[in-house]
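Listed below, chain by chain, are the residues.
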Amino acid sequence: RMGIKFTMHSHERTLAASLGFADPDKKNARHDMAIQYLMRDDVLRSVMEIVTKEDGVWAADLEHINATPEFHIMKGNGWTVGFADLLVRYTLPGRGQRGGLIEVKINPLPVGDIMRQIGLYTASLGGGFARTILVTDFDMCLEDVATLRTKSIYHVRLGAKFDAYCAERLASPQKALSLEI
């Protein structure tokens, strides 16, 4: 290697990162807060209703809804593909369990990069995760959203309620009641 030292951080050791999808938002506190905000039951139900209402199911009808943050996606050979921001599982009454993938972007990036990253994740997860939602902290143009829809990717924009959530969290962080030893 001719004296060149190669270093790679653990967050870059994924198939997604090696293909150019390293996510700079992972180091952004708003990204973490967005994931925590989206995991609130009322917010998660509202987001999931965007995709389930096409099936005639409203948020109040969803059963056993839960979300797993930073879901580790692996290939069969043990290679890490990436980490989905939120993997959502829910039950549709009389139709069984379903799943959804939520990807959060705080800073704008090309729509093609977003589609390739999400496509890589959904292909690696296999069936049952056709409903994918991109949640952004920025506005997207109509053409980009229409392009996402061709890949069955829905778009949700974080707004004033999220901004208020972040402001409250930063103004008065709640101390955890952790075991002290």
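Relevant structure appears above.
Draft legend 1. Layout of the sheet that holds strand β5 (residues 153–157). Taken in spatial order, the 5 strands line up as β1-β2-β3-β4-β5 in an open sheet, and their pairing is mixed. The sheet is open, and its two borders are formed by β1 (63–74) and β5, each paired with just one other strand. Neighbouring strand axes in the sheet, compared pairwise and without regard to direction, differ in orientation by 30° on average. As paired strands, β1 and strand β2 (residues 80–92) are joined by 9 bridges and run antiparallel to one another. Bridge pairing in β2 links F71 to A84.

Draft legend 2. Spatial organisation of the side chain of T132. Residue position: T132 is located in strand β4 (residues 131–136). The buried category is assigned to T132, whose relative accessible area is 2%. Not counting the four nearest positions on each side in its chain, T132 is found in contact with L101, I118, T122, S152, I153 and Y154.

Draft legend 3. Inspection of helix α2 (residues 29–38) at higher detail. Listed in full, the buried residues belonging to α2 are H31, M33, A34, I35, Y37 and L38. If you follow the buried residues of α2, they end up packed against α3 (41–52), β1, β2, β3 (96–105), β4 and α6 (160–171). Two or three places before R30, at the start of α2, stands the capping residue N28, its side-chain oxygen 2.8 Å from that residue's backbone nitrogen.

Draft legend 4. Layout of the pairing of β3. Most of β3 sits inside the fold, with 7 of its 10 residues counted as buried. Bridge count for β2 against β3 is 7 bridges, and the pairing is antiparallel. Each residue of the ladder has a partner; that of Y90, found in β3, is R98. Between β2 and β3, which pair antiparallel one after the other, the connecting turn spans 3 residues, and G94 there sits at a positive phi close to 75°. With 6 bridges joining them, β3 and β4 adopt parallel strand pairing. Within β4, the residue paired with E103 across the bridge is L134.

Draft legend 5. Highlighting the nonpolar core. M48, I102 and I133 are the most contacted members of the largest nonpolar core, which has 29 residues in total. Residues in contact with I102, not counting those within four places in the same chain, are L38, L44, V47, M48, D85, L86, V88, I133 and V135. One finds I73, L101, F138 and M140 within the second-largest nonpolar core, a separate group that totals 16 residues.

Draft legend 6. The pairing of β4, seen in detail. Taken across its 6 residues, β4 has 5 buried, putting it largely inside the fold. Where the polypeptide runs from β4 across helix α5 (residues 142–149) and back to β5, its parallel neighbour, the crossover connection is right-handed.

Draft legend 7. Local environment of the packing of helix α4 (residues 111–125) against α5. As a packed pair, α4 and α5 sit with axes 10 Å apart at the nearest point and diverge in direction by 20°. With respect to α5, the element α4 is oriented roughly parallel. For the pair α4 and α5, the crossing hand works out as right-handed. Listed contacts from α5 to V111, I114 and M115 of α4 are D144, T147 and L148. Split into classes, the residues belonging to the contact of α4 with α5 amount to 4 nonpolar, 1 polar and 1 charged.

Draft legend 8. Region of interest: the pattern of salt bridges. Under the definition given, this model contains 8 salt bridges. Taking the shortest distance from any N to any O, the salt bridge between D139 and R157 comes out at 3.0 Å. Pair noted here: D139 is in the loop between β4 and α5 and R157 is in strand β5, with a separation of 18 residues, a long-range link. Each of R30, D137, D139, R157 and D163 takes part in one network of salt bridges that share partners.

Criteria and cut-off values
- Residues numbered from 1 in each chain as written.
- Predicted model: local features only at pLDDT ≥ 70, side-chain atom pairs only at ≥ 80, totals over all residues.
- Heavy atoms only, no water.
- Pairing = 2+ DSSP bridges.
- Helix = DSSP H or I, 4+ residues; strand = E, 2+ residues; numbered from the N terminus.
- Axes fitted to C-alpha atoms, helices over the stretch in contact; angles between N-to-C directions.
- Buried < 20%, exposed > 50% of the residue type's maximum accessible area, 1.4 Å probe, protein only.
- Contact = heavy atoms within 4.5 Å.
- Polar contact = N/O pair within 3.5 Å; in protein donor to acceptor, adjacent residues only side chain to side chain.
- Core = buried A, V, L, I, M, F, W, Y, C linked by side-chain atoms within 4.5 Å.
- Right-handed = clockwise from strand over helix to strand, strands pointing away.
- Parallel < 35°, antiparallel > 145°, perpendicular 65-115°, else oblique.
- Left-handed = near helix turned anticlockwise from the far one by under 90°.
- Nonpolar A, V, L, I, M, F, W, Y, C, P; charged D, E, K, R; others polar.
- Salt bridge = Lys/Arg side-chain N within 4 Å of Asp/Glu carboxyl O.

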